[in-house]
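The chain contents come next:
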There are 2 protein chains.
Amino acid sequence: MSEAWLSKVNWAEDGLVTAIAQDASTGRVLMVAWMNREALKLTWQKNEAVYWSRSRKKLWHKGEESGHVQKVKSIRLDCDGDVIHLLVEQQGGIACHTGRESCFYRLLEKGKWVETDAVLKSPEEIYKNKLEPL
Amino acid sequence: MSEAWLSKVNWAEDGLVTAIAQDASTGRVLMVAWMNREALKLTWQKNEAVYWSRSRKKLWHKGEESGHVQKVKSIRLDCDGDVIHLLVEQQGGIACHTGRESCFYRLLEKGKWVETDAVLKSPEEIYKNKLEPL
């Protein structure tokens, strides 16, 4: 199948674009990450969010360790072609690695960042299966 | 007043962070832009979105030319501290410079980007007051 649509994206010099995931049911913005061409193509093929991890320098199939997969309902591109918007069904109701629904859990109130979201599941619990058995 | 909250933001080497504006009434993600420290401080002080224009290399009080000001309802910070989320009341119902409600007006359908949003006001009409009188 033609991949002309991938070439319409304005990849930055480092080959990446910004990607936003928004929850389809609650409307909440869950997280912001990065995609390269392969990540976007895989996201489209799998209907599950695949990002590029800048820290680990590899493809990151969201939920591969935590189980918190994002089922993709739609993929949008912005006017400048350098931001991708995903509407997703967030499996487990947790997008953030801290165990919260959204990564945007800090609200500015009277000049201070206040945590407004509860930790739904501790990171230790989320990532317990990530360790190799002894 | 203390600006300690500004120092909790993880500014990138270029002094910027990503900023997302979401419509408080419709829940739609409207646009993504950039902020430096001054832009975020002004956004907080004015309760109106102020970004840093990377192309024009200057502060950009959103709506300064178009009238499409974004009244800020809340300011949030993500877990990594490098993305700002604004919940806004979008004046004029138009965030995009193309005259559409949202910059994310292209939807991926069967391997093609399809425009789903109508132009509510032509850019010529929006920016007609931007030109200096002859």
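Anything mentioned here points back to the structure above.
Remember, predicted model here, so these are calculated numbers, not experimental data.

The rules behind these values
- Residues numbered from 1 in each chain as written.
- Chains lettered and ligands numbered in written order.
- Predicted model: local features only at pLDDT ≥ 70, side-chain atom pairs only at ≥ 80, totals over all residues.
- Helix = DSSP H or I, 4+ residues; strand = E, 2+ residues; numbered from the N terminus.
- Rg over C-alpha atoms; globule rule 2.2 N^0.38 Å.
- Buried ≥ 20, exposed ≤ 12 C-beta atoms within 10 Å, placed from the backbone.
- Contact = placed C-beta atoms within 7 Å.
- Pairing = 2+ DSSP bridges.
- Axes fitted to C-alpha atoms, helices over the stretch in contact; angles between N-to-C directions.
- Nonpolar A, V, L, I, M, F, W, Y, C, P; charged D, E, K, R; others polar.
- Least-squares fit on C-alpha atoms with pLDDT ≥ 70 in both.

**Remarks on the overall build of chain A**
Next up, step 1: Within chain A one finds 3 helices and 8 strands.
Next up, step 2: Listed N to C, the secondary structure of chain A is α-β-β-α-β-β-β-β-β-β-α in terms of helices and strands.
Next up, step 3: Taken over C-alpha atoms, the radius of gyration comes to 16 Å for chain A, in line with the 14 Å a tight globule of 134 residues would show.
Next up, step 4: For chain A, the spread of C-alpha atoms along the three principal axes comes to 50 × 45 × 30 Å.
Next up, step 5: By the burial criterion, 37% of the 134 residues in chain A qualify as buried.
Next up, step 6: Counted over contacts in chain A with a minimum sequence separation of 6, partners at least 24 positions apart contribute 42%.

**Describing the pairing of strand β5 (residues 70-77) of chain A**
Next up, step 1: Across 7 bridges, the pairing between β5 of chain A and strand β6 (residues 83-90) of chain A is antiparallel. Paired with Ile75 of chain A across the two strands is Leu86 of chain A, which belongs to β6 of chain A.
Next up, step 2: From the end of β5 of chain A to the start of β6 of chain A, which pair antiparallel, there are 5 residues, and Gly81 of chain A there has a positive phi angle of about 75°.
Next up, step 3: Summarising the sheet, β5 of chain A and strand β7 (residues 106-109) of chain B pair through 2 bridges and their orientation is antiparallel. The residue bridging Leu77 of chain A from the neighbouring strand is Arg106 of chain B, located in β7 of chain B.

**A look at unusual backbone geometry**
Next up, step 1: Despite not being glycine, Lys110 of chain A shows a phi value in the positive range, around 50°.
Next up, step 2: Within the secondary structure, Lys110 of chain A is located in the loop between β7 (106-109) and β8 (112-115).
Next up, step 3: With a phi close to 55°, Lys57 of chain B is a non-glycine residue in the positive phi region.
Next up, step 4: For Lys57 of chain B, the location among the structural elements is in the loop between β3 (50-53) and β4 (58-61).

**A closer look at the pairing of β7 of chain A**
Residues and elements named next belong to chain A.
Next up, step 1: Of the pairings in the sheet, the one linking β7 to β8 comprises 4 bridges and is antiparallel in character. Paired with Glu109 across the two strands is Lys112, which belongs to β8.
Next up, step 2: A loop of 2 residues connects β7 with β8, the two strands running antiparallel in sequence, and Lys110 in this loop sits at a positive phi of about 50°.

**A short note on the sheet that holds β8 of chain A**
Next up, step 1: Taking strand neighbours across the sheet as the criterion, the 6 strands line up as β8(A)-β7(A)-β5(B)-β6(B)-β1(B)-β2(B) in an open arrangement whose pairing is mixed. With one partner strand each, in any of the chains shown, β8 of chain A together with β2 (29-35) of chain B form the two edges of the open sheet. Neighbour-to-neighbour, the strand axes of the sheet open up by a mean angle of 35°, direction not taken into account.
Next up, step 2: Packing against the sheet, helix α2 (residues 37-46) of chain B makes contact with β7 of chain A together with β2, β5 (70-77) and β6 (83-90) of chain B, and its axis sits at approximately 120° to β5 of chain B.

**Re the interface of chain B and chain A**
Next up, step 1: Across the contact, 30 residues belong to chain B and 30 residues belong to chain A.
Next up, step 2: Within the residue set of the side of chain B that touches chain A, elements represented by two or more residues are β1 (17-23), β2, β5, β6, β7 and β8 (112-115) of chain B.
Next up, step 3: The leading source of residues in the side of chain B that touches chain A is β5 of chain B, at 4 residues.
Next up, step 4: Class assignment for the residues of the side of chain B that touches chain A results in 16 nonpolar, 9 polar and 5 charged.

**Describing the relation of the copies chain B and chain A**
Next up, step 1: Relative to chain A, chain B is turned by 180° and slid 0.0 Å along the rotation axis, the superposed coordinates differing by an RMSD of 0.0 Å. Here the copies are linked by what is in effect a two-fold axis. Ranked by how close their C-alpha atoms come to the rotation axis, the residues of chain B are headed by Gly27 of chain B, at 2.9 Å.
Next up, step 2: Interface overlap between copies: 100% of the residues of chain B at the interface are likewise at the interface in chain A, consistent with a symmetric, same-surface contact.

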